[in-house]
Amino acid sequence: MAELSKQAGKAEAAGQREPILQVRNLVKHFPLTQGLLLKKQVGAVKAVDGISFDLYQGETLGIVGESGCGKSTVAKLLMTLETATSGEVLYKGQDITKLSGRALKAVRRNIQMVFQDPYTSLNPRMTVGDIIGEPFEIHPEVAPKGDRRKRVQELLDVVGLNPEYVNRYPHQFSGGQRQRIGIARGLALNPEIIICDEPVSALDVSVQAQVINLMERLQDEFNLSYVFIAHDLSIVRHISDRVGVMYLGKMAEIGTDAEIYEHPTHPYTQALLSAVPVPDPEAREGRERIILTGDVPSPANPPSGCRFRTRCWKAEDKCAEEVPLLAVPTLYQGKDTPAAHASACHFAEEKPSVVSAA
Amino acid sequence: MTTTEKTEGAAGSAPQDAKKSAPLLDVRDLHVEFKTRDGVAKAVNGVSYSVDAGETLAVLGESGSGKSVTAQAIMGILDSPPGRVAGGEILFHGQDILKLPESERRKLRGPKMAMIFQDALSALNPVFSVGNQLGEMFRVHQGMSKKDAKAKAIELMDRVRIPAAKQRVNDYPHQFSGGMRQRIMIAMAMALEPDLIIADEPTTALDVTVQAQVMDLLAELQREYNMGLILITHDLGVVADVADKIAVMYAGRIVETAPVHELYKRPAHPYTRGLLDSIPRLDHKGQELYAIKGLPPNLLRIPTGCAFNPRCPKAQDVCRADIPALLPVTEQDGTELDGRGSACHFWKETIHG
Amino acid sequence: MTELTESAQGPDAATAPTAAANNTAEPAPARITQWGEIRHRYMANKLAVVGLVLVGLLFIVAAAAPLIATHDPYAQNLGNTLADPSGEHWFGTDALGRDQFSRIIYGSRIAVIVGLASIFLACLIGCILGALSGYFGKAVDSVIMRIADIFFAFPLLIGAIVIILVMGRGVLPVIVSLAVFSWATVARLLRSSILSVREMDYVTAAKALGASTTRIITRHIMPNSIAAVMSYVSFSVGTAVVAEASLSFLGIGVSPEVPEWGNMISSAKDFLGVKDFLWVYPSSAIVLTVLGFVFVGDGLRDALDPKLR
């Protein structure tokens, strides 16, 4: 913590605009096998199929998408908890997908994770002190032995829990408190990046806001970079500087929060935003709702060309033949408009009536 | 005891209802308790609400607010023991169904009232085909033949717009996607055209784009059959889209009732206001979100007075001492607001202040 | 070095808490230790307490056998054979005039030693192989589980006869044969428990922190999977006692002169219907012992079940 807060504040870091994490053509295919002893590969679930993005120091990149779009697999790949089929994850220029052993352990100090389910993410047979102190036992160089208890109590204090709770067990806490414990564990090693996989979706509405506020405060305090994965569009918008929309293992559209939420050009983003239930009956009356037909196709057998074409109202022959690239649409190239951001659609165009209040 | 019951009953069913004939469902001062190892958990503490045919009541609350337990008590599917209805009445078509023997209540479930659950995968039996399970409703309750029941099942699947219903009628639940399974659940609930449907978080497990499809289907069927619908949810967004009126629950009580537009425009209870304020909004970007402080109460130790008082920004001594009754909410000049009620000592300050 | 880091921490440690202080004040959960809670739940179960008393008695009797026994269990008195229970011989005497009560008391020692040692051995083998199988999966899992299947399917008695033929009669061969044919169940139980625990997010979290495989197994997976094994262990000590008595009854266990419950029942079979006290007392000892361990096993299973928490 000490080292980090000595570093420059968020503003300065943002000024440099240096990516701390660069993801290039990341692919993860889970093989589908058949047979008992001699396992034969009969296909693959294309969970993540060529994703690229940058994460800058001190910023929050939100990743949204529906279940099965591969967003959780992206989290595991960034954490090197899964081995990438191909592609690179460059942390300060070093490809971490190829690392192992000591070098990987060193990188893990800097990239940590907050999990979705506060009930399964804490070991029920360890005390809170042991859970938050475990990072120091794994990386003894971070805190000398005599210091650890004090550090654990500091961390509890930082996440807004009473430092006297060190000897308690997870089941004595509520969901929101448990999520704070999970966050404290993630912070213990002074990481630079925290991958948050649906960190508040298991919490009650009134507690969600507390945890979001905590995460924002910690980001300012320790100059953290977040990859914030969630399906709740309004929370992602609140916390994110930039947002990427995923569909069936691919990035459909990526841009700043205003570009994505106010000027979406990809039909899927437009449909997604229009479908969000708005907690304001009056705001909803003026807007057009696009109700998609059908379900998300199986990632084991995705459609050819553009993956969204089977549910898209704009689909033409070209969409079945050519995979659209994630780039600024030709329509908006060189123009100074918020619609000029990367979108993977052959017919990317703004659709003013769906602008969301989310 | 009698006095509180009167006030609560009057406020729970909107004033306009009094003039009409008896509502389809009228829950009065319902109490439900659960025995646990650490004592008695008071899950529902005097809930009163009513639903008319063709009307949608949304019951909004967080986990532990008692919203699902109330529904289970209405359906008669409460786990008892440990749960038990400790008091109150549930009038269905004017008859107190709590007084009926179990065999009579079982006959209500299906033909008269039905429930849709959050998790369709665990609510459907994995070892029977969906056609079989849908057909069972007709075989058991209407004594239809196997063949007729299957034809009915296909018709129902068409009705909830499951593509290729004829080919899929013999498929098993796990062969359907989440959205499709929820449609099957809806089809099952609709099968015998009940008067009342209770949907407990029907779209929470679904993706946003599928959520919209399912909610639309539910609303459409409800209109068509003129059913009463109780929609139980924690999602303020879903509520806004389909409900006619809302009851907000906290710690086993209704803290506010209002027509849907009114609630969002002018909440009359600090808890409702807190919930609405904690939703991220465009103009609050970059600022701290409003957060209701503290945690939802432990049902074994509900705070004295107003259960919300430890978390409430407006709490005074009176809130720690007296339980506020659910009273009608009026305009500043005293004109009554139709269907509005608030269980807060300071509702005037909350709505007008 | 230590001094440097500490001084660097000073200002930082001061700023962090103030920021947190404005945050939510959350009510303190009641302070209960985990073991305290498990004990509380165990003690609330009456049968489990009965089991604990029975097992406790068994251990006390086994440890203090020389103090409790009224006679030398080996001493024959051919002048007083098959005597009915009396003030002198509480449980009567057998065909060789040995005091039945003292032989039952000493018999508890064999029961305890064989029961505990065989299950300890079975657990050792079962836990190691089950853990390897569950954690590594794939080929390791297939190989270990097929071996376990063989031992699982092999009849205990035939296997025990083979082992005893090779090793000779005595306590050790009995222990070995019981262990060899019961580790497979332990391995299977532990493996399936590990398979479910392995998917928990806290295991993923430990991996994400860079924890070693040993650490993940010992700190996270084992403590959470062992509960399933623990209740089985208590249960199977009871079955081991029965199996050991059966082997002795069939004449392939410990030598016939040793005071042992199976031996006693075996020698009583010639006087069935005539001198029933000869088999009733040792059988009761076996039944009470087995019940004790079964009750303890059930109690442990309920007390350790994290779902009840």
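Model, not experiment: these values are computed from the prediction.

Thresholds applied
Residues numbered from 1 in each chain as written. Chains lettered and ligands numbered in written order. Predicted model: local features only at pLDDT ≥ 70, side-chain atom pairs only at ≥ 80, totals over all residues. Helix = DSSP H or I, 4+ residues; strand = E, 2+ residues; numbered from the N terminus. Buried ≥ 20, exposed ≤ 12 C-beta atoms within 10 Å, placed from the backbone. Contact = placed C-beta atoms within 7 Å. Rg over C-alpha atoms; globule rule 2.2 N^0.38 Å. Axes fitted to C-alpha atoms, helices over the stretch in contact; angles between N-to-C directions. Parallel < 35°, antiparallel > 145°, perpendicular 65-115°, else oblique. Left-handed = near helix turned anticlockwise from the far one by under 90°. Nonpolar A, V, L, I, M, F, W, Y, C, P; charged D, E, K, R; others polar. UniProt positions renumbered as here; feature names shortened; annotations may be inferred. Pairing = 2+ DSSP bridges. Core = buried A, V, L, I, M, F, W, Y, C linked by C-beta atoms within 7 Å. Domains from an automatic or database assignment. pLDDT = per-residue confidence, 0-100. Expected span 1.5 Å × (residues − 1).

Colleague: Hey, could you go over the overall build of chain C for me, with residue numbers and the actual values?
Modeller: Within chain C, the regular secondary structure consists of 13 helices and zero strands. Walking chain C from its N terminus toward its C terminus, one meets helices and strands in the order α-α-α-α-α-α-α-α-α-α-α-α-α. Looking at chain C as a whole, 41% of its 309 residues are labelled buried. Excluding contacts between residues fewer than 6 apart, the proportion of contacts in chain C whose partners are at least 24 apart in sequence is 70%.

Colleague: Help me get a handle on the overall build of chain A, residues and values and all.
Modeller: A count of helical and extended segments in chain A gives 13 helices and 10 strands. Taken over C-alpha atoms, the radius of gyration comes to 21 Å for chain A, in line with the 21 Å a tight globule of 358 residues would show. Dimensions of chain A, computed from the C-alpha atoms along their principal axes, are close to 65 × 60 × 40 Å. Residues counted as buried form 53% of the 358 residues belonging to chain A.

Colleague: Quick rundown of the packing of helix 10 (residues 201-208) of chain C against helix 11 (residues 213-249) of chain C? Include the residues and the values.
Modeller: When two helices pack together, their arrangement is given by the angle between the helix axes and the distance between those axes. All names here are of chain C. At a minimum axis separation of 10 Å, helix 10 and helix 11 run at an interaxial angle of 155°. Taken together, the axis directions place helix 10 and helix 11 in an arrangement best described as roughly antiparallel. Where helix 10 crosses over helix 11, the two elements pack in a sense that is right-handed. Every residue of helix 11 that contacts helix 10 at Tyr202, Val203, Ala206 and Lys207 is listed here: Ile216, His220 and Ile221. Classifying every residue of the contact of helix 10 with helix 11 by side-chain character gives five nonpolar, one polar and one charged.

Colleague: Explain the UniProt feature "domain: ABC transmembrane type-1" (unreviewed entry) in chain C to me, and be specific about the residues and the numbers.
Modeller: The UniProt record marks residues 108-299 of chain C with the feature "domain: ABC transmembrane type-1" (unreviewed entry), using the residue numbering of this structure. For residues 108-299 of chain C, helix accounts for 83% and strand for 0%, while the C-alpha atoms at its two ends are 23 Å apart.

Colleague: Break down the pairing of strand 10 (residues 250-256) of chain A for me, citing the residues and quoting the values.
Modeller: Residues and elements named next belong to chain A. Judged by how many residues are buried, strand 10 sits mostly within the fold: six of seven residues are covered. Sheet analysis places strand 9 (residues 242-247) next to strand 10, joined by six bridges and oriented antiparallel. Among the inter-strand pairings, Val243 is bridged to a residue of strand 10, identified as Gly255. Hairpin remark: strand 9 followed by strand 10, antiparallel, with two residues in the connecting loop; positive phi at Leu248, about 50°.

Colleague: Describe in detail the interface of chain A and chain B, supporting the description with residues and values.
Modeller: The interface is formed by 32 residues belonging to chain A together with 38 residues belonging to chain B. Within the residue set of the side of chain A that touches chain B, elements represented by two or more residues are helix 8 (205-222), helix 9 (233-239), helix 11 (267-275) and helix 12 (281-285) of chain A. Residue classes in the side of chain A that touches chain B are distributed as 15 nonpolar, nine polar and eight charged.

Colleague: Quick rundown of the nonpolar core? Include the residues and the values.
Modeller: Within the largest apolar cluster, 278 residues are counted, with the highest numbers of intra-cluster contacts made by Ala184, Ile195 and Val227 of chain A, Ala187 of chain B together with Val186 of chain C. The element contributing the most residues to this core is helix 5 (residues 100-136) of chain C, with 14 residues. Lining this core are residues from two domains, each supplying at least three of them: domain 1 (2-30 + 44-240) and domain 2 (265-354) of chain A. Sequence-distant contacts of Val227 of chain A, defined by excluding residues within four places in its chain, comprise Leu55, Leu61, Ile63, Leu78, Ile195 and Cys196 of chain A.

Colleague: Which residues make up the UniProt feature "transmembrane region" (unreviewed entry) in chain C, and what values do they have?
Modeller: Residues and elements named next belong to chain C. The UniProt record marks residues 47-69, 110-136, 143-165, 171-190, 229-254 and 279-300 with the feature "transmembrane region" (unreviewed entry), using the residue numbering of this structure. Helix makes up 81% of residues 229-254 and strand 0%, with an end-to-end C-alpha separation of 29 Å. Helix makes up 100% of residues 279-300 and strand 0%, with an end-to-end C-alpha separation of 32 Å.

Colleague: Break down the domain arrangement of chain A for me, with residues and values.
Modeller: All names here are of chain A. As far as domains go, chain A holds domain 1 (2-30 + 44-240) and domain 2 (265-354). Look at where the C-alpha atoms of domain 1 and domain 2 centre, and you get two points 30 Å apart. Contacts between the two partners involve six residues from domain 1 and, on the opposite side, six residues from domain 2. Looking at the side of domain 1 that touches domain 2, the element that brings in the most residues is strand 2 (residues 40-56), giving three residues. Here the side of domain 1 that touches domain 2 is built from residues that sort into three nonpolar, one polar and two charged.

Colleague: Let's hear about the sheet that holds strand 6 (residues 113-116) of chain B: which residues, and what values?
Modeller: Residue and element names in this part refer to chain B. Strands sit in the order 6-7-8-3-9-10-12-11 across an open sheet of eight strands; the sheet is mixed. The sheet terminates laterally at strand 6 and strand 11 (327-330), the two strands that pair on one side only. Each neighbouring strand pair of the sheet contributes to a mean axis angle of 25°, computed without reference to strand direction. Looking at chain direction, strand 9 (residues 245-250) and strand 10 (residues 253-259) are connected through six bridges and run antiparallel. Note that in strand 10 the partner of Ala247 across the bridge is Thr257.

Colleague: Break down the environment of Pro277 of chain A for me, citing the residues and quoting the values.
Modeller: Mapped onto the elements of the fold, Pro277 of chain A is located in the loop between helix 11 and helix 12. Once you skip the residues sitting within four places of it in the chain, Pro277 of chain A turns out to touch Asp235, Gly237, Val238, Ala240 and Asp241 of chain B.

Colleague: Go over the sheet that holds strand 3 (residues 60-64) of chain A with me, naming the residues and quoting the values.
Modeller: Residue and element names in this part refer to chain A. Strand order in the open sheet made by the six strands is 6-7-8-3-9-10, with mixed pairing throughout. Of all strands in the sheet, those bounded by a partner on one side alone are strand 6 (111-114) and strand 10. Taking the axes of each pair of neighbouring strands and ignoring which way they run, one obtains an average angle of 20° across the sheet.

Colleague: Would you mind going over unusual backbone geometry in detail, with residue names and values included?
Modeller: Residues and elements named next belong to chain B. A positive phi angle, near 55°, is found at His93, a position not held by glycine. With respect to the helices and strands, the residue His93 is situated in the loop between strand 4 (83-92) and strand 5 (95-96). A positive phi angle, close to 45°, is found at Glu201, a residue other than glycine. Positionally, Glu201 belongs in the loop between strand 7 (196-200) and helix 10 (208-225).

Colleague: Hey, could you go over the confidence of the model for chain C for me, with residue numbers and the actual values?
Modeller: Residue and element names in this part refer to chain C. Of all residues in chain C, 87% have pLDDT values of 70 or greater, and the mean over the chain is 82. In the model of chain C, helix 1 (residues 2-21) stands out as the element of lowest mean pLDDT, 33, in contrast to helix 3 (residues 46-63), which has the highest, 93. Scored below 50 in pLDDT, residues 1-31 shows 32 contacts in the model against residues more than four places distant or in partner chains. Among the scores for the predicted complex, ipTM is 0.83 and pTM is 0.80.

Colleague: Please provide a residue-by-residue account of helix 5 (residues 128-138) of chain A, values included.
Modeller: Each full turn of the α-helix corresponds to 3.6 residues, which orients residues three or four apart in the same direction. Most of helix 5 of chain A sits out of view: eight of its 11 residues are buried. For helix 5 of chain A, the set of buried residues is Val128, Ile131, Ile132, Gly133, Glu134, Pro135, Phe136 and Ile138 of chain A. Here the buried face of helix 5 of chain A lies against helix 6 (148-158) and helix 7 (175-187) of chain A together with helix 10 of chain C.

Colleague: Go over the packing of helix 5 of chain C against helix 11 of chain C with me, naming the residues and quoting the values.
Modeller: All names here are of chain C. The interhelical angle for the contact between helix 5 and helix 11, taken along N-to-C directions, is 145°, at an axis separation of 9 Å. Like other packed secondary-structure pairs, helix 5 and helix 11 cross with a definite hand, here right-handed. Within the contact between the two elements, helix 5 uses Ala111, Val114, Gly115, Leu116, Ser118, Ile119, Cys123, Cys127, Ala131 and Tyr135 and helix 11 uses Ile217, Ile221, Met222, Val229, Val233, Ser236, Val237, Ala240, Val241 and Glu244.

Colleague: I'd love a proper account of helix 7 of chain A, names of residues and values included.
Modeller: Here helix 7 of chain A spans 18 Å end to end across 13 residues, near enough to the 18 Å set by a 1.5 Å rise per residue. Counting buried residues in helix 7 of chain A gives 12 out of 13 residues, a clear majority hidden from the surface. Every buried residue of helix 7 of chain A is accounted for by Gly176, Gln177, Arg178, Gln179, Arg180, Ile181, Gly182, Ile183, Ala184, Arg185, Gly186 and Leu187 of chain A. The inward-facing, buried residues of helix 7 of chain A abut strand 6, helix 5, helix 6, strand 7 (193-197) and helix 8 of chain A together with helix 10 of chain C.

Colleague: Any details on the environment of Thr265 of chain A? Residues and values, ideally.
Modeller: Residue and element names in this part refer to chain A. Relative to the elements of secondary structure, Thr265 occurs in the loop between helix 10 (257-262) and helix 11. A count of 28 C-beta atoms within 10 Å places Thr265 in the buried class. Considering only alpha carbons, one finds Thr265 and Ile193, 72 residues apart in sequence, at a separation of 29 Å. Each residue touching Thr265, except ones within four places of it in the same chain, is listed here: Glu253, Pro329, Ala339, Ser343, Cys345, Ala348, Glu349 and Glu350.

Colleague: Tell me what's going on with the pairing of strand 12 (residues 336-342) of chain B, and back it up with residues and numbers.
Modeller: Residue and element names in this part refer to chain B. Strand direction decides the pairing type here: strand 10 and strand 12, joined by two bridges, are antiparallel. When the bridges of strand 12 are listed, Glu256 appears paired with Ser342. Sheet analysis places strand 11 next to strand 12, joined by three bridges and oriented antiparallel. Looking at strand 12, one finds that Thr330 is bridged to Glu336. Where strand 11 folds back on strand 12, the antiparallel hairpin that results is connected by five residues, among which Gly334 adopts a positive phi of roughly 95°.

Colleague: Mind laying out the environment of Lys28 of chain A, listing which residues take part and the relevant values?
Modeller: Residues and elements named next belong to chain A. Counting through the fold element by element, Lys28 comes out in strand 1 (residues 19-34). Residue Lys28 is classed as buried on the basis of its C-beta count, with 23 C-beta atoms lying within 10 Å. With residues near it in sequence (within four places) discarded, Lys28 still touches Ala47, Val48, Thr73, Leu77, Glu82, Ala84 and Thr85.

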